[in-house]
Amino acid sequence: MTERSAASEPIVQVRTLAFGYGAEGFRLEVDGLEVRAGERVAVVGPSGSGKTTLLHLLAGILTPESGRVAVAGVDLGASTDAQRRRHRLEKLGLVFQELELLDHLDVRENILLPYLIGLPADPRAPARAVELAERTGLAGLLRRHPRDLSQGERQRVAVCRALVTEPSVVLADEPTGNLDPSTTARVVDLLLGQASAIGAAVVMVTHDHGLLSRFERTFDFDAGGRFR
Amino acid sequence: MRAWLLARRSIAHARVRSAVLVLAVALTALLPFAVEGLLGSVSGSLTARADATPLLLGAPGSRFDLVLHALYFRGQVDAPLTMRVVGDVRASGLAAPIPIHSRATARGWPVVGTTPDYFRFRGLDLAEGDLPFLLGECCVGAEVAATLGLRVGDKLLTDRRSVYAIDDGYPLRMRVAGVLAPRSSADDRAVFVSLPTAWVVDGIGHGHAPAAEQPEENVLATGGSKGTVLDRGIVEFQEVTDANRGEFHFHGDADELPVTAILALPDDAKARTLLRGRYRVDPDARLLVPREVVDEILGFVLRLKTFFDANVLLVGVATLLLLGLIIALQIQARSREIETLQKLGASRSAVARVFAVEFGVTLALGLALALGLAMIGVLFAREYLPWL
């Protein structure tokens, strides 16, 4: 743990978390986990160990059977579904494994999607989107559609979408899964650099152990869904 | 949520899918819209003309035929009245009679014999020329003039009822004295003449050279109580000119000359009631209120329309079910997009709103297209299908 993160208040707090898919299905158990503001944390583990499930629990997409999950000052277990959705939009930046860009929107609209689906209009948001696009080398592609972009460009659009709202926490689920090593390095640098610029904590699921050196801490899952 | 923007982008992105959906909705709604529009238009013009005609006299027979004949110049009546009835109405002091005699056609358009009162009563204006005051003159409706390319001074030949009827009158070559301004009514599609001209066209009156100038073989008898009797085979004039106008004449009692209908314009409600009472018991003439007859005709049409409406309803329900299925399949096909929106934080209602706007816009576009096509159809029908 770095000095900076130790000095900060935890922005993600998990206590005695339990979650399962049905009675006989996969179970995830986390006794305790904390991420401090601005901290960069990697989550690793074998396939099927619950990394994505943990991210979905932190995002409030899934709700735990028991335990406490608090993110950016909100106890997700005590919140309604509508409150959790609102919280996701306002406080979290999400990068999905499959990116999940909307084909019928252009790059600019995809970056600004959180404002199109519920966030109140922010007059500075369009300028922020353009600025992010410039920093990530997408400036000339703002009117293109996702189908016209390379995988690396699409990846960068997803990162910009996660950062445009200036979230407190960025949750990224293997955003470099399908990329070659050099593009992977660029995307991760970009994500961490931009998150650092706005002071956002980053929790990123990855298989790539070569990337761990770029994170301050690593959470490791075993195959049974137990967090170490 | 900018549901409108997202819906618009989705519609524009899937152009073919959206176009097919819009077209499906449009085609489903087109027929009922068009039928409704046509019926509205037809019933509107029918009732307007019927409302403008207070009372109608005709010989006993079909009241539908009489109204369609006298008001819209369509079809024939079973039997005519006589000019005596016109005189009776005038003499009663209860109403002003406007006789109509229409049996012949000129190049397919009905030839309507009437008096100048008719033009005043219908408020018909002349686009050019004069009313047909003289024998052998006609004044054509705007559509007749446009279709046949007629101007003042042109000639118009009446039709023979049958090429095989050798005892039929000769066709009359009429001079176009005037062209009426368009009124979007049956008057646009008629050839108006004076009553004497209508009788000549009908073969009741005729013109020929004086008996003294006839060849001997055409003279059957002279000096009897009937004066000179000529053979039917004499050559009759086929055109009225200034030189021969005086040679045209009618045989028999002027009171017995036929009229196929009489428009009766009562002075007031009391006169109207008295007139209706008088002709309620007359075996030779019947008095109708055109609006009542038109309502009866429309009622019959509307009863028929209920069957059509039921059919449309069934087709509409089937189409709605199919559209519902298509929408359900689309939502299913776009479940990943819905999931993305929800994972990012969109509320369920917000996502539903995007799809509702999208399908609503598709439906609205389809209905607007159907409405537009139906309006064009109605305008086209009114322009090019005058029989409607």
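Refer to the preceding data block for the structure.
Residues numbered from 1 in each chain as written. Chains lettered and ligands numbered in written order. Predicted model: local features only at pLDDT ≥ 70, side-chain atom pairs only at ≥ 80, totals over all residues. Heavy atoms only, no water.

Student: Quick rundown of the overall build of chain B? Include the residues and the values.
Tutor: When you go through chain B residue by residue, the secondary structure sums to 11 helices and 17 strands. Relative to the 2.2 N^0.38 estimate, which gives 21 Å for 388 residues, the radius of gyration of chain B is 31 Å and therefore markedly larger than a compact globule would have. Across its three principal directions, the C-alpha atoms of chain B cover 115 × 45 × 35 Å. Counting only contacts in chain B whose residues sit at least 6 apart along the sequence, the fraction spanning at least 24 positions is 74%. With an accessible surface of roughly 19900 Å², chain B has 61% of that area assigned to carbon and sulfur atoms. Chain B carries 40 positive and 41 negative side-chain charges, and their two centres are separated by 16 Å. (Helix = DSSP H or I, 4+ residues; strand = E, 2+ residues; numbered from the N terminus. Rg over C-alpha atoms; globule rule 2.2 N^0.38 Å. Contact = heavy atoms within 4.5 Å. Areas by Shrake-Rupley, 256 points an atom, 1.4 Å probe, with all protein chains shown as cover. Lys, Arg positive; Asp, Glu negative; His and termini not counted. Charge placed at Lys NZ, Arg CZ, Asp CG, Glu CD.)

Student: Pulling in residues and values, what's your account of the pattern of salt bridges?
Tutor: A full pass over the atoms with the stated rule returns 37 salt bridges over all chains. One salt bridge connects B:Arg84 with B:Asp253, and the closest N-O pair in it is separated by 3.7 Å. Taken together, the positions of B:Arg84 in helix α4 (residues 83-92) and B:Asp253 in the loop between β14 (248-250) and β15 (258-259) put the pair 169 residues apart, joining distant regions of the chain. Across the pair B:Arg334 and B:Glu337 runs a salt bridge whose closest N-O atoms are separated by 3.1 Å. Of the residues examined, B:Arg334 reaches a relative accessible area of 9% and is grouped as buried. When salt bridges with common partners are traced through the structure, they connect A:Asp81, A:Arg84, A:Arg85 and B:Arg348 into a single cluster. (Salt bridge = Lys/Arg side-chain N within 4 Å of Asp/Glu carboxyl O. Buried < 20%, exposed > 50% of the residue type's maximum accessible area, 1.4 Å probe, protein only.)

Student: I'd love a proper account of the sheet that holds strand β5 (residues 74-75) of chain A, names of residues and values included.
Tutor: Residue and element names in this part refer to chain A. Across the sheet, four strands lie side by side as β2-β1-β4-β5; this open sheet has antiparallel pairing. Strand pairing shows two members of the sheet lacking a second neighbour, β2 (27-36) and β5, which therefore form its edges. The pairing of strand β4 (residues 66-71) with β5 spans two bridges and is antiparallel. Paired with Ala 70 across the two strands is Asp 75, which belongs to β5. Docked against the sheet, helix α2 (residues 51-59) engages β1 (10-20), β2 and β4, running at close to 120° with respect to β1. (Pairing = 2+ DSSP bridges. Axes fitted to C-alpha atoms, helices over the stretch in contact; angles between N-to-C directions.)

Student: Give me the lowdown on the interface of chain B and chain A, citing residues and values where you can.
Tutor: Counting residues at the interface gives 20 residues for chain B, matched by 24 residues for chain A. Here chain B and chain A share an interface that buries about 2100 Å² over both sides, 60% of which is from carbon and sulfur atoms. Counting the surface chain B buries against chain A, the share from its top three residues, B:His13, B:Lys343 and B:Leu344, is 34%. There are three salt bridges connecting chain B and chain A. The residue A:Asp81 makes a salt bridge to B:Arg348 at a minimum N-O spacing of 3.8 Å. Our count for the contact surface shared by chain B and chain A stands at eight residue pairs in polar contact (both at pLDDT 80 or more). For the side of chain B that touches chain A, the secondary structure elements donating two or more residues are α1 (3-13), α10 (335-344) and α11 (348-384) of chain B. At seven residues, α10(B) tops the list of elements feeding residues into the side of chain B that touches chain A. Grouping the constituent residues of the side of chain B that touches chain A by class yields seven nonpolar, six polar and seven charged. (Buried area = accessible area lost by both parts, 1.4 Å probe. Polar contact = N/O pair within 3.5 Å; in protein donor to acceptor, adjacent residues only side chain to side chain. Nonpolar A, V, L, I, M, F, W, Y, C, P; charged D, E, K, R; others polar.)

Student: Which residues make up the packing of aromatic side chains, and what values go with them?
Tutor: For the structure shown, the criterion picks out nine aromatic pairs over all chains. Relative to A:Phe26, the ring of A:Tyr21 lies with its centre 6.4 Å away and its plane at 35°, an arrangement referred to as tilted. A residue is classified by how much of its surface remains accessible, and A:Phe26, at 24% relative accessible area, is partly exposed. The interplanar angle of 35° and the centroid separation of 5.4 Å between the aromatic rings of B:Tyr118 and B:Phe192 together place this pair among those described as tilted. Taken together, the positions of B:Tyr118 in helix α5 (residues 116-122) and B:Phe192 in strand β10 (residues 191-194) put the pair 74 residues apart, joining distant regions of the chain. In this pair, the class of B:Tyr118 matches that of B:Phe192, namely buried. Ring-pair connections join several aromatic residues into one group, and the members of that group are B:Phe73, B:Tyr118, B:Phe119 and B:Phe192. (Phe/Tyr/Trp six-rings, centres within 6.5 Å; stacked < 30°, edge-to-face > 60°.)

Student: So what about the layout of surface pockets? Which residues, and what values?
Tutor: Residue and element names in this part refer to chain B. Taken as a whole, the largest pocket encloses approximately 930 Å³ of empty space. Along the walls of the largest pocket sit 36 residues, with Ser 45, Ser 184, Ser 185, Ala 186 and Arg 189 positioned nearest its centre. Secondary structure elements with two or more residues in the lining of the largest pocket: α2 (15-51), α3 (63-72), α5, α6 (142-148), α9 (290-333) and α11. Examining the composition of the lining of the largest pocket, we find that eight residues originate from one element, α2, more than from any other. Split by residue class, the lining of the largest pocket holds 22 nonpolar, four polar and 10 charged. A domain split of the lining of the largest pocket shows at least three residues from each of domain 1 (3-46 + 297-384) and domain 2 (54-289). (1 Å grid on protein atoms, 1.4 Å probe; cavity = no way out; pocket = protein on both sides within 12 Å on 5 of 7 lines; lining within 4 Å. Points joined across faces, edges and corners; volume = space filled by probe spheres on them. Domains from an automatic or database assignment.)

Student: Go over unusual backbone geometry with me, naming the residues and quoting the values.
Tutor: We note that A:Glu174 has phi near 45°; this positive angle belongs to a residue other than glycine. Structurally, A:Glu174 is set in the loop between β7 (169-173) and α8 (181-198). If you check the backbone angles, B:Arg107 has positive phi at about 50° while not being a glycine.

Student: Describe in detail the side chain of B:Ser10, supporting the description with residues and values.
Tutor: Note that B:Ser10 resides in helix α1. Of the residues examined, B:Ser10 reaches a relative accessible area of 3% and is grouped as buried. Apart from the residues lying within four places of it in its own chain, the contact partners of B:Ser10 are A:His104, B:Arg17, B:Arg334 and B:Glu358.

Student: Quick rundown of the packing of α1(B) against α2(B)? Include the residues and the values.
Tutor: Residue and element names in this part refer to chain B. Close contact between α1 and α2 brings their axes to 5 Å; oriented N to C, the two are set at 95°. When the axis of α1 is compared with that of α2, the two are roughly perpendicular. Between α1 and α2, the residues in contact are Ser 10, Ile 11, Ala 12 and His 13 and Arg 15, Arg 17 and Ser 18, respectively. Classifying every residue of the contact of α1 with α2 gives two nonpolar, three polar and two charged. (Parallel < 35°, antiparallel > 145°, perpendicular 65-115°, else oblique.)

Student: I'd like to hear about α8(A), residue by residue, with values.
Tutor: All names here are of chain A. Spanning 18 residues, α8 covers 26 Å between terminal C-alpha atoms, matching the ideal 26 Å at 1.5 Å per step. Buried-residue contacts for α8 involve β3 (40-44), α6 (125-135), α7 (151-163), β7 and β8 (201-205). At the C-terminal side of α8, Gly 199 shows a positive phi close to 75°. (Expected span 1.5 Å × (residues − 1).)

Student: Can you lay out the environment of A:Glu174 for me, pointing to particular residues and giving the numbers?
Tutor: Judged by its relative accessible area of 10%, A:Glu174 is buried. Here A:Glu174 is in contact with A:Lys51, A:Gln97, A:Val205, A:Thr206 and A:His207, once residues within four sequence places are set aside.

Function cannot be inferred from these measures alone, as they are strictly geometric.
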